[in-house]
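The primary structure of each chain is shown beneath.
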Amino acid sequence: MGFLKLIVKQNAGKEYLRNAVNYITENADACCYSGINICPERAYRQMRKVKKYYGKTSGNQLVHFVVCFNNEVNDLATVEKYTRKIAEYYKSRYQILYAIHHELRLTKSGYAKSWFHVHIVMNSVSFVDGKMFADNKKRIGRFMEHISEVTGDDWWRLGYETEE
């Protein structure tokens, strides 16, 4: 069973965007990162330019998804393939930066087990028309259906982390 976590910080400043970009790309667990509609090395600046162009520099700075794969997804090539397809779900409207993180965790019996998860940071402002991303259970449900189709895993749980 996989797990999708949506992290929302409604009134975070522009530093939240910079910190999220830096965290997912520079974390010790990061194997690789890439972008869609964005140059990964200039992600922060390019997202800020879209926000400034549409006059939407305050409020929710980004959408942050964390996709935790089930234990059967345990090789980088498969994770890279899944991640790109998952991230492409929002490609028609948003700038997206994603990073694959890999950790080794110990099982109860003391053996190391591979664990992959992916951070997807998406600009909250559409580069198409400047509209803010609006999540609701129906839209997130469709995104989870997309993840299920990509991974073949029919059981996904959803978690939220919010701060006002």
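Please read these numbers as outputs of a predicted model, since none were measured by experiment.

1. With respect to the overall build of the protein chain
Phase 1: Helix and strand counts for the protein chain come out as four helices and six strands.
Phase 2: Shown N-terminal to C-terminal, the secondary structure of the protein chain runs as helices and strands in the order β-α-β-α-β-α-β-β-α-β.
Phase 3: Computed over the C-alpha atoms, the radius of gyration of the protein chain is 16 Å, within 12% of the 15 Å expected from 2.2 N^0.38 for a compact globule of 164 residues.
Phase 4: Residue pairs at least 24 apart in sequence account for 77% of intrachain contacts in the protein chain once pairs closer than 6 positions are excluded.
Phase 5: Surface summary for the protein chain: the accessible area is close to 9,000 Å², and the carbon and sulfur share equals 48%.
Phase 6: If the 25 positive side-chain charges of the protein chain are averaged to one point and the 18 negative ones to another, these points end up 7 Å apart.

2. As for unusual backbone geometry
Phase 1: The backbone of Asn37 shows a phi angle near 65°, a positive value even though the residue is not glycine.
Phase 2: Among the secondary structure elements, Asn37 is positioned in the loop between strand S2 (30–36) and helix H2 (43–53).
Phase 3: Look at Asn37 and you get partly exposed, because its relative accessible area is 40%.

3. A short note on the layout of surface pockets
Phase 1: Taken as a whole, the largest pocket encloses approximately 200 Å³ of empty space.
Phase 2: Taken together, Tyr89, Tyr90, Ser92, Arg93, Tyr94, Lys131, Met132, Phe133, Ala134, Arg139 and Arg142 make up the lining of the largest pocket.
Phase 3: Its residues assigned to classes, the lining of the largest pocket shows six nonpolar, one polar and four charged.
Phase 4: Considered as a void within the structure, the second largest pocket measures approximately 170 Å³ in volume.
Phase 5: Element by element, the count of residues in the lining of the second largest pocket is highest for helix H1 (residues 14–26), at five residues.
Phase 6: Residue classes in the lining of the second largest pocket are distributed as five nonpolar, two polar and five charged.

4. Observations regarding a positive patch on the surface
Phase 1: A surface patch of positive charge is lined by Lys14, Arg42, Arg45, Lys49 and Lys52.
Phase 2: By residue number, the principal contributor to the positive patch is H2, which donates three residues.
Phase 3: Its place among the elements puts Lys49 in helix H2.
Phase 4: Judged by relative accessible area, Lys49 falls into the exposed class, the value being 62%.

5. Considerations on the side chain of His117
Phase 1: Note that His117 resides in strand S5 (residues 112–123).
Phase 2: A polar contact is formed between the side chain of His117 and the side chain of His119, at a distance of 3.4 Å.
Phase 3: If we ignore the near neighbours within four places in the chain, the residues touching His117 are Val66, Val67, Cys68, Ala99, Ile100, His101 and Glu103.

6. Quick look at the environment of Ile140
Phase 1: Here Ile140 shows up in helix H4 (residues 137–151).
Phase 2: Along the sequence, Ile140 and Leu158 sit 18 residues apart, while their C-alpha atoms lie 9.0 Å from each other.

7. Some details on the packing of aromatic side chains
Phase 1: Evaluated as defined, the whole model comprises ten aromatic pairs.
Phase 2: Look at Phe65 and Tyr90: their rings are 6.0 Å apart centre to centre, the planes differ by 10°, and that puts the pair in the stacked class. Here Phe65 is found in strand S3 (residues 62–68), whereas its partner Tyr90 is found in the loop between helix H3 (76–87) and strand S4 (96–106), with 25 residues between them in sequence.
Phase 3: Relative accessible area serves as the criterion here: at 0%, Phe65 is assigned to the buried category.
Phase 4: Accessibility expressed as a relative area gives 11% for Tyr90, which makes it buried.
Phase 5: Relative to Tyr90, the ring of Tyr89 lies with its centre 4.9 Å away and its plane at 90°, an arrangement referred to as edge-to-face.
Phase 6: Judged by its relative accessible area of 30%, Tyr89 falls in the partly exposed class.
Phase 7: By the ring-pair criterion, three or more aromatic residues cluster together here, those being Phe65, Tyr89, Tyr90, Tyr94, Phe133 and Phe143.

Rules of the game
- Residues numbered from 1 in each chain as written.
- Predicted model: local features only at pLDDT ≥ 70, side-chain atom pairs only at ≥ 80, totals over all residues.
- Heavy atoms only, no water.
- Helix = DSSP H or I, 4+ residues; strand = E, 2+ residues; numbered from the N terminus.
- Rg over C-alpha atoms; globule rule 2.2 N^0.38 Å.
- Contact = heavy atoms within 4.5 Å.
- Areas by Shrake-Rupley, 256 points an atom, 1.4 Å probe, with all protein chains shown as cover.
- Lys, Arg positive; Asp, Glu negative; His and termini not counted.
- Charge placed at Lys NZ, Arg CZ, Asp CG, Glu CD.
- Buried < 20%, exposed > 50% of the residue type's maximum accessible area, 1.4 Å probe, protein only.
- 1 Å grid on protein atoms, 1.4 Å probe; cavity = no way out; pocket = protein on both sides within 12 Å on 5 of 7 lines; lining within 4 Å.
- Points joined across faces, edges and corners; volume = space filled by probe spheres on them.
- Nonpolar A, V, L, I, M, F, W, Y, C, P; charged D, E, K, R; others polar.
- Patch = residues over 30% accessible without salt bridge, like charges linked within 9 Å, V, L, I, M, F, W, Y side chains within 5 Å.
- Salt bridge = Lys/Arg side-chain N within 4 Å of Asp/Glu carboxyl O.
- Polar contact = N/O pair within 3.5 Å; in protein donor to acceptor, adjacent residues only side chain to side chain.
- Phe/Tyr/Trp six-rings, centres within 6.5 Å; stacked < 30°, edge-to-face > 60°.

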